[in-house]
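# Inside the fold
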Amino acid sequence: MALGDLVATRFSHSTVVVSNHLDDYLTTRSVNDDDDNAINAEFRNRLALSTSDDTATNSNANTITTIVTPDNNTTNTSNNNNNNNTYGYAATTMVYLPQTIVLSELRHEAFEVSIPTGPAENGLVSKWRPRERMKTGMVALVLCLNISCDPPDVIKISPCARLESWIDPFAMAPQKALEAIGKALSAQYERWQPKARYKHTLDPTVEEVKKLCNASRRFAKTERVLFHYNGHGVPKPTTNGEIWLFNRSYTQYIPLPITELDSWLKSPSIYVFDCSAAGNIVNAFIELIDASASAGTVKDCILLAACEAHETLPQSAEFPADVFTSCLTTPIQMALRWFCKRSLLRDSFDISLIDRIPGRPNDRKTLLGELNWIFTAVTDTIAWNVLPHDLFQRLFRQDLLVASLFRNFLLAERIMRSANCSPISYPMFPPTHQHHMWDAWDMAAEICLSQLPSLIHDETIEFQVDSSLSTSGLRWVGLQTVDFRWVPTLWERAVVELICGGRLGHWWMRDGVIRPSPFFTEQLTAFEVWLDHGSEQKKPPEQLPIVLQVLLSQCHRFRALVLLGRFLDMGSWAVDLALSVGIFPYVLKLLQTITPELRQILVFIWTKILALDKRFKGTMLTLVDLERQTGTINEGGGSSVLVLEFSLTMLLWIWQSCQVDLVKDGGHTYFIRFLDSSEQEAFPEQRAMAAFVLAVIIDGHKRGQEACLEAGLLDVCLKHLQASTPDDAQSEPLFLQWLCLCLGKLWEDFSEAQIVGLLAGAASLISSSLLSESQPEVRASAVYALGTLLDIGHESSADGGDEEFDDDDKLTAEISIIKSLLIVVSDGSPLVRAEVAVALARFAFSHNRHLKSVAAANWRTQPPSSGIGALHVGSTGSGYNTPNHYLPSGNIVTSQIGPLFRIGGDSTPLVRDGRASTSSPLASTGIMHGSPLSDDLSQHSDSGVSIDAVGNGILNHARPGPLDNALYLECISAMCTLAKDPSPRISRLGRRVLSIIGIEQVVARPIRHSSSSVRTSEPAASAGARLSGLARSSSWFDMSSGHLPLTFRTPPVSPPRPSYLTGIRRVSSLEFRPHLLSSPDSGLADPLLGYSGSSGQTERSLLPRSTIYNWSCGHFSKPLLTASDDGEELIARREAKERSALDLIAKSQHCSVSKLNNQIASWDTKFETGTKTTLLQPFSPVVIAADNSERIRVWNYEEPTLLNSFDNQEFPDKGIAKLCLLNELDDSLLLVASGDGNVRIWKDYLQRGQQKLVTAFCSIPVQGPSTRNVNAVVDWQQQSGYLFTSGDVPSIKVWDLDKELLLHSISSCDSSTSSLAASQVHGSQFAAGFVDGSVRLYDIRTPDMLVCSTRPHIQRVERVVGIGFQPGLDPAKIVSASQAGDIQFLDLRNQSDAYLTIDAHRGSLTALAVHRHAPIVASGSAKQLIKVFSLEGEQLGCIRYHPTFMAQKIGPVSCLTFHPYEVLLAAGAADPFVTLYADDNSPAR
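### Some points on the overall build of the protein
- Scanning the protein from N- to C-terminus turns up 37 helices and 49 strands.
- Expressed as a percentage of the 1485 residues in the protein, the buried residues total 62%.
- Counted over contacts in the protein with a minimum sequence separation of 6, partners at least 24 positions apart contribute 69%.
- With the model as given, the accessible surface of the protein reaches about 55600 Å², and the carbon-plus-sulfur share is 51%.

### Concerning the environment of leucine 265
- Tracing the backbone through its elements, the reader meets leucine 265 in helix H6 (residues 258-265).
- Placed 38 residues apart in sequence, leucine 265 and phenylalanine 227 show a C-alpha to C-alpha distance of 8.5 Å.
- Those residues in contact with leucine 265 that lie beyond four places of it in its chain are Cys213, Arg217, Val225, Phe227 and Tyr271.

### So, the nonpolar core
- In terms of nonpolar packing, the biggest core is built from 233 residues, with Trp441, Phe567, Trp606, Leu713 and Trp738 touching the most fellow members.
- Setting aside chain neighbours within four positions, we find tryptophan 738 in contact with Ala688, Ala691, Phe692, Ala695, Tyr1109, Ser1112, Cys1113 and Phe1116.
- In terms of nonpolar packing, the next biggest core, distinct from the first, is built from 35 residues, Leu245, Ile258, Cys301 and Ile424 among them.

### Describing the pattern of salt bridges
- A complete count under the given rule lists 37 salt bridges for this structure.
- Across the pair arginine 779 and aspartate 827 runs a salt bridge, and its minimum N-O distance is 2.9 Å. With arginine 779 in helix H29 (residues 776-788) and aspartate 827 in the loop between helix H30 (807-823) and helix H31 (830-846), the pair connects residues that are 48 residues apart, well separated along the chain.
- By sharing partners, the salt bridges in this structure join Glu105, Arg107, Glu777 and Glu1300 into a single network.

### Description of the pairing of strand E46 (residues 1435-1440)
- Of the pairings in the sheet, the one linking strand E45 (residues 1425-1430) to E46 comprises five bridges and is antiparallel in character. Residue pairing in the sheet places phenylalanine 1429 in a bridge with glutamine 1435 of E46.
- Linking E45 back to E46 in an antiparallel pair, the connection comprises four residues, with glycine 1433 at a positive phi of about 95°.

### Remarks on the confidence of the model for the protein
- Of the residues in the protein, 68% reach a pLDDT of 70 or more, and the chain-wide mean stands at 75.
- Residue range residues 463-514 is modelled with pLDDT below 50. Its contacts to residues more than four positions away, or to other chains, number 112 contacts.
- Across residues 1003-1097, confidence stays below pLDDT 50; counting only partners more than four residues off in sequence or on other chains, it has 326 contacts.

### A word on the environment of cysteine 1438
- One can find cysteine 1438 in strand E46.
- If near-sequence neighbours (up to four positions away) are discounted, cysteine 1438 is found in contact with Asn1157, Leu1425, Ile1426 and Lys1427.

### Topic: the sheet that holds strand E26 (residues 1201-1207)
- The four strands are arranged E23-E24-E25-E26 in an open sheet whose pairing can be described as antiparallel. Looking at the sheet topology across the chains shown, the edges are occupied by strand E23 (1173-1176) and E26. Averaged over neighbouring strand pairs, the angle between their axes works out to 15° when direction is ignored.

### Description of the sheet that holds strand E6 (residues 224-230)
- Pairing is mixed across the open sheet formed by six strands, whose spatial order is E5-E4-E6-E9-E10-E11. Two strands lie at the open edges of the sheet, namely strand E5 (197-202) and strand E11 (424-426), each paired on one side alone. Going across the sheet, the axis of each strand differs from the next one's by a mean of 10°, ignoring polarity.
- Bridge analysis of strand E4 (residues 136-143) against E5 gives six bridges, and the strand direction is parallel. Residue valine 142 lies in a different strand from E5, and its bridge partner there is threonine 201.

### What to know about a positive patch on the surface
- Together, Arg197, Lys199, Lys211 and Arg218 line one region of the surface with positive charge.
- Of all elements in the fold, only E5 and helix H5 (206-220) reach the threshold of two or more residues within the positive patch.
- Take arginine 218: it is sitting in helix H5.

### Brief notes about the pairing of strand E32 (residues 1282-1286)
- Here E32 lies mainly inside the structure; five of its five residues are buried.
- Burial along E32 is two-sided: Tyr1282, Phe1284 and Ser1286 facing one way and Leu1283 and Thr1285 facing the other are all buried.
- Bridging between strand E31 (residues 1273-1277) and E32 involves five bridges; their strand directions are antiparallel. Paired with aspartate 1275 across the two strands is phenylalanine 1284, which belongs to E32.
- Pairing of E32 with strand E33 (residues 1291-1296), which is carried by four bridges, proceeds in the antiparallel orientation. By the bridge assignment for E33, phenylalanine 1284 is matched with valine 1294.
- Counted between consecutive antiparallel strands, the loop separating E32 from E33 contains four residues.

### Re a negative patch on the surface
- A grouping of Asp806, Asp807, Asp808 and Asp809 is seen on the molecular surface, where their side chains present a negatively charged patch.
- Classification of aspartate 807 as partly exposed rests on a relative accessible area of 40%.

### Regarding helix H17 (residues 554-568)
- With 15 residues, H17 extends 21 Å between its outermost C-alpha atoms, agreeing within 8% with the 21 Å of an ideal straight helix rising 1.5 Å per residue.
- Counting buried positions along H17 gives 14 out of 15 residues, so the element sits mostly inside the fold.
- The N-terminus of H17 is capped by serine 553, whose side-chain oxygen sits 3.4 Å from the backbone nitrogen of cysteine 555.

### Notes on the packing of aromatic side chains
- A complete count under the given rule lists 36 aromatic pairs for this structure.
- A centroid spacing of 5.1 Å and a plane angle of 55° characterise the contact between phenylalanine 1206 and tryptophan 1242, whose relative ring orientation is tilted. Of this pair, phenylalanine 1206 sits in strand E26 while tryptophan 1242 sits in strand E29 (residues 1238-1243), and the two are 36 residues apart along the sequence.
- Given the relative accessible area of 3%, phenylalanine 1206 is considered buried.
- Between phenylalanine 1257 and tryptophan 1295, the aromatic rings sit 4.9 Å apart at their centres with planes inclined by 50°, giving tilted as the arrangement. Of the two residues, phenylalanine 1257 sits in strand E30 (residues 1252-1258) while tryptophan 1295 sits in strand E33, which places them 38 residues apart along the sequence. Here phenylalanine 1257 and tryptophan 1295 have matching classes, each one buried.
- Through successive ring pairs, a cluster of aromatic residues spans Phe324, Phe392, Phe396, Phe406, Phe409 and Phe429.

### What to know about the side chain of histidine 1353
- Positionally, histidine 1353 belongs in the loop between strand E38 (1346-1350) and strand E39 (1360-1365).
- Residue classification places histidine 1353 among the buried residues on the basis of a relative accessible area of 1%.
- Side chain to side chain, histidine 1353 and serine 1376 meet in a polar contact 2.7 Å long.
- Within the structure, histidine 1353 has its side chain in polar contact with the side chain of aspartate 1382 (distance 2.7 Å).
- Histidine 1353 has contacts with Gly1333, Val1360, Ser1376, Ala1377, Ser1378, Asp1382 and Gln1384, leaving out every residue within four places of it along the chain.

### Observations concerning helix H22 (residues 667-675)
- Within H22, seven of the nine residues are buried, which leaves the element mostly enclosed by the surrounding structure.
- Where H22 is concerned, the buried positions are Gly667, His668, Tyr670, Phe671, Ile672, Phe674 and Leu675.

### Focus: the packing of helix H10 (residues 367-386) against helix H13 (residues 437-457)
- Relative to each other, H10 and H13 sit at 170°, their axes nearing to 10 Å. Taken together, the axes of H10 and H13 lie roughly antiparallel to each other. For the pair H10 and H13, contact is made by Leu367, Leu371, Ile374, Phe375, Val378, Thr379, Thr381 and Ile382 and by Met437, Trp438, Trp441, Ala444, Cys448, Leu452 and Leu455, respectively.
- Residue composition of the contact of H10 with H13, grouped by class: 13 nonpolar, two polar and no charged.

### Focus: the packing of H29 against H31
- As a packed pair, H29 and H31 sit with axes 8 Å apart at the nearest point and diverge in direction by 5°. Here H29 is positioned roughly parallel relative to H31, judged by the angle of their axes. For the pair H29 and H31, contact is made by Pro776, Glu777, Arg779, Ala780, Val783, Tyr784, Gly787 and Thr788 and by Leu831, Val832, Glu835, Val836, Ala839 and Arg842, respectively.

### Re unusual backbone geometry
- Of note, the bond from serine 267 into proline 268 is cis; its omega dihedral lies within 30 degrees of zero at 5°.
- For proline 268, the position within the fold is in the loop between H6 and strand E9 (269-274).
- Residues glutamate 1199 and proline 1200 are joined by a peptide bond in cis, for which omega reads -20°.
- Residue position: proline 1200 is located in the loop between strand E25 (1191-1196) and E26.
- The backbone of lysine 221 shows a phi angle near 60°, a positive value even though the residue is not glycine.
- Residue position: lysine 221 is located in the loop between H5 and E6.
- Judged by its relative accessible area of 64%, lysine 221 is exposed.
- Even without being a glycine, asparagine 420 presents a positive backbone phi close to 60°.
- Relative to the assigned elements, asparagine 420 resides in the loop between helix H12 (400-417) and E11.

About the cut-offs
- Residues numbered from 1 in each chain as written.
- Predicted model: local features only at pLDDT ≥ 70, side-chain atom pairs only at ≥ 80, totals over all residues.
- Heavy atoms only, no water.
- Helix = DSSP H or I, 4+ residues; strand = E, 2+ residues; numbered from the N terminus.
- Buried < 20%, exposed > 50% of the residue type's maximum accessible area, 1.4 Å probe, protein only.
- Contact = heavy atoms within 4.5 Å.
- Areas by Shrake-Rupley, 256 points an atom, 1.4 Å probe, with all protein chains shown as cover.
- Core = buried A, V, L, I, M, F, W, Y, C linked by side-chain atoms within 4.5 Å.
- Salt bridge = Lys/Arg side-chain N within 4 Å of Asp/Glu carboxyl O.
- Pairing = 2+ DSSP bridges.
- pLDDT = per-residue confidence, 0-100.
- Axes fitted to C-alpha atoms, helices over the stretch in contact; angles between N-to-C directions.
- Patch = residues over 30% accessible without salt bridge, like charges linked within 9 Å, V, L, I, M, F, W, Y side chains within 5 Å.
- Lys, Arg positive; Asp, Glu negative; His and termini not counted.
- Charge placed at Lys NZ, Arg CZ, Asp CG, Glu CD.
- Expected span 1.5 Å × (residues − 1).
- Polar contact = N/O pair within 3.5 Å; in protein donor to acceptor, adjacent residues only side chain to side chain.
- Phe/Tyr/Trp six-rings, centres within 6.5 Å; stacked < 30°, edge-to-face > 60°.
- Parallel < 35°, antiparallel > 145°, perpendicular 65-115°, else oblique.
- Nonpolar A, V, L, I, M, F, W, Y, C, P; charged D, E, K, R; others polar.

This is the structure we're talking about:
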C-alpha cells in the first residue's frame, strides 16, 4: 500500500511541456487503472495529471516535435498515441514549432530579490500552536439545595423535576440525599478530569465558601479552578450579581457578592452557575472583567450559566431538576433520553435501558465509548464552524476539562432551548441548537437505541471491535476470522461490501449479523466530496474536526490520513486550518505507530505541516533583513523592525517547540527508518520528503543534530548518495537535493558531525558525483553541504575535537573541498554561484590572515599584467567617518583594463558602490579597525604594506598552518570573479567576500551627455570614464602601473562610535550616511547577515547566509497532487500563437517579394552611440533596440509608443552583442548578451519599469579581476534549449539553459569566432564564421562535433560578419557574408565551394540577416546602404541614403533583423534611428 501510488514520482516527468492537444497530453500522463488499491490509484492519478509550473528538479526540457502541413492545416504531435501519419522531411513547406520551454522553474521567479517562493499568505505568523497549555487542577462544588424547603421566589408545578445528579432527593433522608448528590456530582466531573482534586460543600455558609475558595486557589497555584454553584434551594441571584448562601442556623439566606467570590478564586478560573436568573451573575462578572481591563489587568475567567437573567429553570418532569448540570457532566445519558422522548421510539423503547448501555465512555471499542466519540466529533465540528479559530483554540484545545464542558454546553443549549430556556456563556457563543450536525447525531442515537434491547437481553452477544482491527487486517468476533489488507483489491473490496453492507466502520454484532455505524464513513465521504470541489475561496470543510477524531480509529485511520493529505496539499491555508483544529498532537502521536501502511502518508502530512511554518520563518527573516537594509533603524523609525523581530521571536519559539517535541518523542527516528527503508517501500520523492522533515528537525537545533547523528542519519544519507547513479530511479534530483541539504544541516556548526562526515569521505563523495548534476538545485545543495563542512571556528569545536582527526587532516579536507568549489565558481546558475560565494566567505573568515598576506605578497612579486596583481590588501581602515586627515595626498591613476585604486585624497569624485567602504564591524566584542587591539595585532611587512590580524572588523581565525599559496591565489581570483558577476545579487555577495579579507571594489560611473538618457540617480564622474577595480578600504592604488611610490600606515585609534551603529557595517571613509544601506550595491549578502535576537551580534553572524535551504522549502508548500489552475489558459494562449505562426509561415514561404524598400516606420531611439542590435517581437508590433551603453528600449511601432526603457547592467561599458527571444510561443523572455560574454535574461520587459532579471551568467568565463571585452557572439536555439557563445577566445561554448550548465567547450584555437548561427529546425546544429574567413558546420550530437569546414571568402580574407541557415529543412545550406562585401551561398555537405556568390558591397559589409522562412536575405554596409536578395541571387531591393527631407534616410548600417514570421526588416544604424521596411503592399505606419 505504497504512498508511491499516492505521491508518484513526479519530478522526473515534470518539465513544463505544452502540447497542441490537451487530450493527447493527458493520455501520456494516464495511470494504469489496474492498481492494487483504489484510494492509492486515485492519488496517483491526481499527481500524474498535475501540470504544475514547479519544475525545480526536472532533468531535461522535453521537446515535442510538431510538423505542420499547410496544405491541410493539420497539426500532429509525436506523443499522440493514435497518430497514423508518417513524419519526414518531405518538403520545405513543413516547419517545426519548438515546444521546449526554458527558465520557467521555481528558481527563476524571484532569485535576485531573494523572496521566498510559494503561495501568498494572509498573515505572517501561523497561530495554530497555543503558547501554553492550561490544566484545571481544582474543582470546588457548592450545592445549595436545602432539600424539602423550596425557595420563596419559586413556585413549583406538580409534577415537577426532582432529580439532582440523577438521584431523587426525596427517596431518602434529606441529609443523606444531600451527601449522595454531592458525591455523585464529584464522580460525574471526575470522568472528564480524573487528575484534578475535588472538594464539595453542601448547603454552606459564606465563611465555608470563602474557606473552600482560598484552599482551592492555594492548591491549584497557577492552574485553573472550577467553581460549580447549584442554587436550586435558594432565591434567584440579585440584579447586582449576588448569589445566596445560608447562615449557620439555616434561618436566613445570606448574599455573596461576585466581587468577593472573584477575589477569593482569582484567575484563571471557570464558573458554572446552575440556577434560575443566572444571567444576572454573568452580567455582573462581565462588568467586573471590563473594569479590570480598563485598569490594565486581564482576567482569565470563563462563565457557564444555565439561563438568562429573566428566565427560570425548566420544571417539567421529563427533565432532571439540574438539567444544565446533567448536560455538562452526563451528556450521552441526557442526549439519549431527550432524543428518545422525541423520536418514534418513545412508545416502544424502555428508557431505563439507556442507563445499561455497555462499555465505558473513554473506551472507543465499546458501544458507550463510540457514542461518546461521535458526540465529541459532532460538538467539535459545530464549535469549529461557528467560533473564531483563536477562540476555538482557547476553549477546545487548551484545557481538557474546559473543552469537555463547552462541548457539553452545546448540548445544554439544544435541550434547554426546547424548554424555552437559553444557557449563556462568557465568552459568548452564537446560537448552535439548530446546527445541521445535530441531525447526524440523532441518526447515530437512533441506530444505537434501535439495537440496544437486543444487545442487552441476549447475553451471548458481545459488542467488540477486536484490538487487531487495523489497516492490515480485520477481525470480527462471532465470525470466522478473515485477515487481509484493507481494500487492497477490487475482489476483496467486494467481499468487504458483501459482509459489511457497503460500509467500513465500527460494527455492532448480533448472531453474526454486522450492523455498522455509518457516521464516520459518511462524514469522510462528505469530506471527500468537498475535496473534489472545494478551494481556498470557498467555505472551509466543516468535517475537518471529524477527520481529526477519525485518526483515533484504526479501521478509519488510513482513509482519514489519505484525505487529510489531499486537503493539506491544497495550500498553506489548508495546513493552517488543519493545525488550528488541533491536528498536531494527533499526527505527533501517530509517529509511535509501527503500521507500515501509514508511513508514507504520515511522511507526506508531516512534510506539509513543517513546510508551512518553515516558509513563514523564511519570510520573516527576509522581511527583517529588508527592513534593516533600508536603514530605518538608524533613522529613528525602527518600530517596524521591532514589530517584525517580535513576530519572528514568537515564530521561532513556535518553531523550536515543534523541533523539541519531535526529538523528545523520538519522531526523528521514524523518519530516519523511513529514509533507510528498502527501495520497494518508498519512492525517491517520498524519501526526499523524509529528508526534508529531518532537515527541519535539525535546523539550528543542537539537540536535534546530536540525536540524528546518534541515530545514524549521516550513514543513511551517504549510503543513498553512494548508491545513486545517473540511470538509477533513486537518483531522482529532488531526493539528491534534500540528501545534501539534510547533510548540510546535520553538520552545520556542529564539529562532531563535521569530523564524522569527513572521516566517512562525505566531501569526496559529494564533489565527485553531485557538482556536475544536471539540476542546478542539486548542484547548489551539494555546494551548500560542502560549504558547511568548512570549520569557521565555531565554539563547539573548542572541545579539542576528535583525536582521530587532527588539524592536518582538517587542512587536507579543506583543500579538497576548496578545489571542488573552485570548479563551479563559473556555474551557469546563480543559485549555485550564490552558494559558492557563501562557502568562500566561510573559508575567507577562517583563513583571513593568510589570504591577505598572500594577496600582498603577490602584489610585490607579480608583473603589472598579472590578474591577481590587480588586488591589494592594504592597511587597516581608519575607523573614522572622514579619514582624509589620516591619508597622504595623492591622485587617481587608471589603467587600460579599468581597475581603479586610490592612493590618497578624494580629489576626483567617485561613486563607490553606494558606500564608502565594505569594511564590516565586529560584533559586540568591540574590536574594530584602528582600535587599540587592532593596532597591537598589526604586522608590518618590509615593504610598508600593513597586514592586520584583525581586518575589516572580522577576526582572523588563522589555522595552525596555512594552505598552499597557489590555492589562496586561486581563491582570491574566484572571489574577484564573483565580485564582477553579471547577477547583481552574486556580485554583492562577491564584494562581501572580498571585504572579509580587506579588498574593496571601486567603481566610477560615467556621465551620460544626452538629457534624454541620463539616469538621475547617477552622480557625475569624469566624462566618458568607465573605471572599475578592486581596492582596500582606506588606501587605493593602480596595480597595473606596476611602479608607483606607495606608502601605507596604520591610522591612529578610532574615536568612540555612537551606539546606534551597533551591528551596522562600519564605514571608514567619507561621512556615514544611513540611507546608503539601502543601496543595491552595499555589498551586503542577500538575505542579509545572520539574525540574532540579542542586540549584539557575534562576528560570525556577519558572514553571508546561504539561501538554498529556505528557498528549497518553498517547493513543499506548493500543491503536489493537483494540477495547476492556469494550465488550460497557458495551453489556449500557446495554441492561438501556433495558429497565427502557421498562417504567417505559410504566407512567408509562398510570398513573391519584388521589392523590400517600403519604409513603414522609423523610430528615434535617442541612443548617443547609435543602435548596436535590434529584435522584432513575433506576435506583437514591437521592436527592441539596444546601444553600446547597454541601454535597452522597447517600442510599439504601430501606435507608436515607447513601452519601456531600462539598463542591462548598472556599469555598462562593453556594449550589447545580441538580443534573442526565448520561449517565443509562450511567455517570452529577452536574452541580452554583452560584449564581455555576460548573458542576462529578462522577463516582463514589455511593461514600463516592471522588467525582472530571471538569470544571469558569464557565457565565456574569465577568471580573476580581468574585465576585457571578448567581442562575444551568441545565438540561441529554441529547439534544443542550447545557447552557443564564442568570441575572441579559442573555443565555442555550448550552454544548456534548461540545466544552466556548460555542456561543451569546442576548441577553435586557430582563429577567433566572429559570427554564430544556430539552426532553428535541426536541434544541436550550428554554424560558425571566423575572423580568417572560414566557415564551419557543427553538430554536437556527433563524436567529433565538427561536421565540415570550408573557406569560401578567398578573394579578400576578411572576417565573417554574418552567417545564417537558409530557409527550409536542408541542414547544410548556409549563407555567409564577410567584411569584404561578398555573400556566399554554401551547401557544405555536397561541396566545399560556394554555389552562388554575390558581391553585395565593396569592403564595407557590416550586417547580414537571413529570414527564417521566407527566401530572402539582407545585407547592410557602412556606406549607408541596405540590399535585399532572393536565395537565387536576385536583388529585390536597395535602400540608400537620400538627403531630401521626404525621402528615406539611414546612417551607416550596424544591424539588420528580420521578423521571425513576417516579411519585415528592422535596420539599425550608427545614428539613433531604427527603421522598419516591408514590401510595397504593406501600408506605412
